[in-house]
Amino acid sequence: MSSLNKTIFLNLLFSYFPIGMLFLSVFNDFDFNYLKIDYFSFNFVHILIFFWTLKNPDHIGYVSIFIAGIINDVIVGLPIGISSFCYLLICTATAYIRNITLSPNFINDWLSFLFAILLINSIQVLILDLIFLIEIDYLEYLINTGFTFLFYPVFFIIFNYINEKIIIRLND
């Protein structure tokens, strides 16, 4: 009986892993943007949301992503709703990519990720600069976009391994 309870607990733990990582990274501001390391920053949340909404959208809901964006805005100090809007735009891009892709492969996902983060970051810069008149360092956004794009393959491998473990656990 205890092994049955342990299996159920592990299945729940694995199935809620992506959403747990999302909120952990948002609460801890886990995007390396504020470590004050010159010319190094990437946005882990964008990678996380893109991968999980593209590969297995059942594990992270849109309401959870919206709430994570609100929390991110409060912690980082952005106007409320900017991050939620950008996160949901990532979800829109992944839903579109998922629907038009006949045979998914890594290179197509990676190039689609580049297009999505370029679109998201440019919209975020336009909103912050033109509407809210917040002074933006364009070089920092460009560096952030570049490193986020370059780190996607590393997290793709890690998340793909975790996704396979989740699928195996849930099918047991």
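Each remark here, short or long, concerns the structure printed above.
Here the residue index of a chain counts from 1 through its sequence in written order. For a predicted model such as this one, the threshold for reporting local features is a pLDDT of at least 70, and the threshold for listing and counting side-chain atom pairs is 80 or more; totals across whole chains, interfaces and linings nevertheless cover every residue. Water and hydrogen atoms were dropped before computing side-chain values, which therefore reflect all heavy atoms in the structure.

S.K.: Just checking my understanding: could you explain helix H5 (residues 82-100) for this structure?
M.R.: Along an α-helix, a turn takes 3.6 residues, which lines up residues three or four apart on a common side. Where helices and strands are cited, they refer to DSSP runs of H or I of at least four residues and of E of at least two residues respectively, numbered from the N terminus. One less than the residue count of a helix, multiplied by 1.5 Å, gives the span that helix is expected to have. The end-to-end C-alpha distance of H5 is 27 Å, a good match for the 27 Å that 19 residues give at a rise of 1.5 Å each. We call a residue buried when its accessible area falls under 20% of the maximum for its residue type, exposed when it is over 50%, and partly exposed in between, using a 1.4 Å probe and counting protein chains only. All buried positions along H5 are accounted for by Ile82, Ser83, Ser84, Cys86, Tyr87, Ile90, Cys91, Ala93, Thr94, Ala95 and Ile97. Looking at the buried residues of H5, the elements they touch are helix H3 (44-55), helix H4 (62-76) and helix H6 (106-131). When checking whether two residues touch, look at their non-hydrogen atoms; a contact exists if any pair is within 4.5 Å.

S.K.: What's the story with unusual backbone geometry in this structure? I'm lost.
M.R.: Among all residues save glycine, negative phi is the norm, and among peptide bonds the norm is trans. Despite not being glycine, Leu133 shows a phi value in the positive range, around 55°. Residue class for Leu133 comes out exposed when judged on its relative accessible area of 69%.

S.K.: For this particular structure, what's the right way to read the packing of aromatic side chains?
M.R.: How two aromatic rings sit relative to each other is given by the distance of their centres and the angle of their planes. When two rings of Phe, Tyr or Trp (its six-membered ring) have centres within 6.5 Å they constitute a pair, described as stacked for plane angles under 30 degrees, edge-to-face for angles over 60, and tilted for the intermediate range. As enumerated under the stated definition, the model contains 19 aromatic pairs in all. Considering the side-chain rings of Phe42 and Phe151, the 4.5 Å spacing of their centres and the 35° angle between planes classify their relative orientation as tilted. Pair noted here: Phe42 is in the loop between helix H2 (17-27) and H3 and Phe151 is in helix H7 (residues 138-171), with a separation of 109 residues, a long-range link. By relative accessible area, Phe151 is classed as partly exposed at 24%. Arranged with centres 5.2 Å apart and planes meeting at 90°, the rings of Phe51 and Trp52 form a pair that is edge-to-face.

S.K.: What is the right way to look at the side chain of Thr148 in this model?
M.R.: Within the fold, Thr148 resides in helix H7. Pairing of N or O atoms within 3.5 Å defines a polar contact, subject to two protein rules: one partner must be a possible hydrogen donor and the other a possible acceptor, and residues neighboring in sequence count only if both atoms are side-chain atoms. At 2.9 Å, the side chain of Thr148 forms a polar contact with the backbone nitrogen of Asn43. The residues contacting Thr148, other than those within four sequence positions of it, are Phe42, Asn43, Ile47, Phe113 and Ile117.

S.K.: I'm lost on the pattern of salt bridges in this one. Help?
M.R.: Where charged atoms from two side chains of opposite charge approach closely, those side chains can pair. Any carboxyl oxygen of Asp or Glu that lies within 4 Å of a side-chain nitrogen of Lys or Arg is treated as forming a salt bridge with it. In the structure shown here, the tally under the stated rule is one salt bridge. Residue Asp109 pairs with Lys55 through a salt bridge whose shortest N-O separation is 2.7 Å. Of this pair, Asp109 sits in helix H6 while Lys55 sits in helix H3, and the two are 54 residues apart along the sequence.

S.K.: How should the environment of Val26 be read in this particular structure?
M.R.: Among the structural elements, Val26 can be located in helix H2. The buried category is assigned to Val26, whose relative accessible area is 0%. In the structure, Val26 is positioned 45 residues away from Ile71 in sequence and 6.9 Å away in space, judged by C-alpha atoms. For Val26, the contacting residues outside a window of four places in its chain are Val45, Ala68, Ile71, Asn72 and Ile75.

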